[in-house]
Amino acid sequence: MFDATVDASASALSLVGVSKTFPGTRALADVSFSIEPGHFHALVGGNGSGKSTLIKILAGVYGADRGGSLRLGDATFDVERLSPRWSRESGIRFVHQDLGLFPQLTVTENVLAGSSYPRRAGGLDWGEAHRSVQRLLDGLGAEVDARTAVRDLRPADQTLVAIARCLRDRDAGGVGLLVLDEPTTRLPADEVEGLLRRLKSYSQQGQSILYVTHRLDEVLTYADTITVLRDGRHVDTRPAAEHDRAGLVASIAGHAPEDVNRVSRTASDAVVLSVRGLTGGPLKDISFDVNSGEAVALAGLVGSGRTSLLQNIFGAVRPRSGSVEVAGLPVRRGHVADAIAKGLAMVPEERGRDAAFQSLSVSDNLSATTVGRYRRGGWLRRSAERRDAERDVAAYGIKGAIDAPISRLSGGNQQKAIIARAMRTSPAVLLLDEPTQGVDVGARADIYAQIDAAVAAGAGVLLATSDLDELLYLADRVIVLVDGRVTCEASGDRITRHWIFENVYQHEKAPK
Ligand SMILES: Nc1ncnc2c1ncn2[C@@H]1O[C@H](COP(=O)(O)OP(=O)(O)OP(=O)(O)O)[C@@H](O)[C@H]1O
C-alpha cells in the first residue's frame, strides 16, 4: 500500500518575486529562490525575517501579494491564489513543531488517521495496515515498531512517525516537498543527530526537504543548500559547503558576529532559593538551594520533571508537599501572586499559552507585571510606560511596533518580550524554561547578556534547557533529574559535554 521510496525526478520548486504585506509590515519583499529536487534545503534567518510567512504561503494559508509566482515542475502558479487544497494536491507536506500525534494510539493508527485503511472481507485488514506502515517507517530508516503506542517512543522517533504520516499518500499524488519547521527544538541533544542523519539519507534518495531552523550547526553539517532571509528579503542561496559559521551568522544578522564570552561569576554564600522535599506530579522529594549570583541548570530527558519542577516552585502547579523559600521567606504553595511578591519571576516554555497576552500590545505585555509603577493619582503615566517599552525593545532587539498586538510579532520576538518583562521586576530568582527556544543567534547573545547582568546583580537563576551549548554557556552548576528525582550534580569545570551525556542520557529507557 505505502512505499517510502522516492521518485528522484520529483519536481523542484521555485519562488519568483514573492512578497507579502501585512498592515504596516512587509513580511516578505520580492523573494526568489529555488529548491532543487532531492536537496536538503535549509531556510534560516533572524526572528521576524519571514520564514514562517513563507511557509504559510506554501501551505496556502496566506495569499501572497499580487505579482509573485511559484513554479512546480512544469507548472507555474500565481502565489496570490494558493489554497490549502492546492498545497496538498501539489504534494507539499508540513511537519510542525507540535507534531499533532495521539500519544495513546499506536503508530499505525497515527499514521493512518484520517485516511482509508486497508480492508478485507469482513472489515479492516489490520495485518496489512501494520505492514504497510512498517514499510514506510523502514524506508525512513526509523527503528520503530508500527504496533507500539506513540507515547512509548523517544521524541525523535515520534518526529519520524509524524513524517511517515505526511508520506503515507505518496503513491496517491507524491510528496514533492517535505517542509520541517524546527523539528529538533524539543529533542534531547543525543537524539538530534540520529534524526538529521535519517533526514539526510532520505533526501539522498531523492526527497526534497525544506528545513527551517535557528540551529546553524545543524544546517552547516547536514544541509546541501542554505537560503538566508533577512528582514523579509532574500539574501543568499548557496551550497552549505561554501559557508562557514561566522559567514552564515554575518549574512543572517547583516554584520559580523560578536564574540560571546562566558563571564566568570562569583556566587555569594547567601541562599536566594531554597527547595525542600518538593513532591507532586512526577517530582519526588526534591531538595536543593540556589545562591545569589549563581545560575543553576536542570538537566534531564523529556519527562524527567524539569518543567514540573519550575512550575511547582513558581506555584503555577501546587505541589503535594514540600516547601519553597525565597531569600528566607516562605512562598505559599500553589500561589503565583505570592511567588511574584516574594521575588520570583518565570519565563515558561509555552509562551503563547502561558505568558503572552495575545490581544494586548507589545507595550502592555511588557508592563503587565509592573503596571503599578505607572499609576499616579488614578492616572496611568502612558509616556513613562512608552519610554520603558522603547528601552526594552532596543535592548532586546524586539522587531515590531510597540502599539501592535503581540500576536503580530514573530515567535522569537514574542519570546524576547516575555524575557524582557520578567527582567523588569529585578527578580531575586529567575526561573527560565527553554528561554531561547525559537530565538535567533543575535538575540540569543542579547538574552545571555541580560541573564549575565541579572546574575551579576545578585539574582539566582534556575534554568531548564535542552540546548547543550546554552547549558554549558550559562550554568555554574548543573542538577540532574531522572524520573523526578535529583540524581547528581556538578559545578564549575566539571560541567562538560561528556559529563552531561554520561549522567543524563545513560539513564534513558531503552525504546520498547
Ligand atoms: N498576522 C500578521 N500580522 C501582522 N504582521 C505579521 C503577521 N505575521 C507575521 N507578521 C510580521 O511579519 C514579519 C515576519 O514574521 P515571520 O513570523 O514570518 O518571521 P520568522 O522568520 O518566522 O520569525 P521567528 O524566527 O521569530 O519565528 C514580522 O515582522 C512579523 O511581525
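Up top you'll find the structure we're talking about.
Scope of this entry: the structure provided in the associated data block. Just so it is clear, the model here is predicted, and its values are computed rather than measured.

### Describing the overall build of the protein
Argument step 1. Across its full length, the protein holds 18 helices and 24 strands.
Argument step 2. In terms of overall dimensions, the protein is globule-like: its C-alpha atoms have a radius of gyration of 24 Å, near the 24 Å expected for 512 residues.
Argument step 3. Across the 512 residues in the protein, those meeting the buried criterion constitute 45%.
Argument step 4. Once local pairs closer than 6 in sequence are excluded, the contacts in the protein between residues at least 24 apart make up 70%.

### Description of the site of the ligand
Argument step 1. As a matter of local geometry, the ligand sits amid 21 residues, with Ala-27, Asn-47, Ser-52, Ser-410 and Gly-412 nearest to it.
Argument step 2. Listing elements by their share of the shell around the ligand, those giving two or more residues are strand 2 (25-35), helix 1 (51-58) and helix 15 (411-424).
Argument step 3. By residue class, the composition of the shell around the ligand is 3 nonpolar, 14 polar and 4 charged.

### As for the pairing of strand 3 (residues 40-45)
Successive residues of a regular strand alternate their side chains across the two faces of the sheet.
Argument step 1. Taken across its 6 residues, strand 3 has 6 buried, putting it largely inside the fold.
Argument step 2. Alternating residues of strand 3 divide into Phe-40, Ala-42 and Val-44 and His-41, Leu-43 and Gly-45, and every residue in both groups is buried.
Argument step 3. For strand 3 and strand 10 (residues 209-212), the ladder comprises 4 bridges, and the chain directions are parallel. Within strand 10, the residue paired with Phe-40 across the bridge is Ile-209.
Argument step 4. Direction of pairing for strand 3 relative to strand 11 (residues 225-230): parallel, over a ladder of 5 bridges. Within strand 11, the position partnered with Val-44 by the bridge is Val-228.

### With respect to helix 1
Argument step 1. The buried fraction of helix 1 amounts to 6 of the 8 residues, a majority that puts the element mostly inside the structure.
Argument step 2. Among all positions in helix 1, only Lys-51, Thr-53, Leu-54, Ile-55, Ile-57 and Leu-58 are buried.
Argument step 3. Backbone geometry just downstream of helix 1 places Gly-60 in the positive-phi region, at approximately 75°.

### Here we look at the sheet that holds strand 9 (residues 177-181)
Argument step 1. The strand order across the open sheet built from 6 strands is 6-9-10-3-11-12, with neighbouring strands paired in mixed fashion. The open sheet has two edge strands, strand 6 (92-95) and strand 12 (233-239), and neither has a second partner. Here the average twist between neighbouring strands, direction ignored, is 20°.
Argument step 2. Sitting on the sheet, helix 9 (residues 245-253) is in contact with strand 3, strand 11 and strand 12, with an inclination near 35° to strand 11.

### Observations concerning the environment of Asp-190
Argument step 1. Here Asp-190 shows up in helix 7 (residues 189-204).
Argument step 2. Note on Asp-190: 17 C-beta atoms within 10 Å, which makes it partly exposed.
Argument step 3. Between the alpha carbons of Asp-190 and Ala-156 there is a distance of 9.6 Å; along the sequence they are 34 residues apart.
Argument step 4. Apart from the residues lying within four places of it in its own chain, the contact partners of Asp-190 are Phe-501 and Tyr-505.

### Here we look at the nonpolar core
Argument step 1. Of all hydrophobic cores here, the largest spans 67 residues; its most connected members are Val-429, Leu-431, Val-461, Leu-462 and Leu-463.
Argument step 2. By residue number, the principal contributor to this core is helix 15, which donates 6 residues.
Argument step 3. In this view, Leu-431 contacts Leu-310, Ile-313, Phe-314, Leu-344, Ala-345, Met-346 and Leu-462; residues no more than four positions away in its chain are not counted.
Argument step 4. Formed by 65 residues, the second largest nonpolar core is a distinct cluster that contains Leu-15, Leu-28, Ala-42 and Tyr-202.

### Remarks on helix 16 (residues 441-456)
Argument step 1. Taking 1.5 Å of rise per residue, the 16 residues of helix 16 would be expected to cover 22 Å, and the 23 Å separating its terminal C-alpha atoms lies within 8% of that figure.
Argument step 2. Within the sequence span of helix 16, burial applies to Val-441, Ala-443, Arg-444, Ile-447, Gln-450, Ile-451, Ala-454 and Val-455. When helix 16 is viewed along its axis, its buried side chains cluster within an angular range of 165° and face the same direction. Counted as exposed and oriented over 90 degrees from the buried face of helix 16: Ala-453 and Ala-456.
Argument step 3. Positive phi appears at Gly-458, one or two residues downstream of helix 16, with a value of about 110°.

Rules behind the numbers
- Residues numbered from 1 in each chain as written.
- Predicted model: local features only at pLDDT ≥ 70, side-chain atom pairs only at ≥ 80, totals over all residues.
- Helix = DSSP H or I, 4+ residues; strand = E, 2+ residues; numbered from the N terminus.
- Rg over C-alpha atoms; globule rule 2.2 N^0.38 Å.
- Buried ≥ 20, exposed ≤ 12 C-beta atoms within 10 Å, placed from the backbone.
- Contact = placed C-beta atoms within 7 Å.
- Near = placed C-beta within 6 Å.
- Nonpolar A, V, L, I, M, F, W, Y, C, P; charged D, E, K, R; others polar.
- Pairing = 2+ DSSP bridges.
- Axes fitted to C-alpha atoms, helices over the stretch in contact; angles between N-to-C directions.
- Core = buried A, V, L, I, M, F, W, Y, C linked by C-beta atoms within 7 Å.
- Expected span 1.5 Å × (residues − 1).
- Arc of directions from axis to C-beta.

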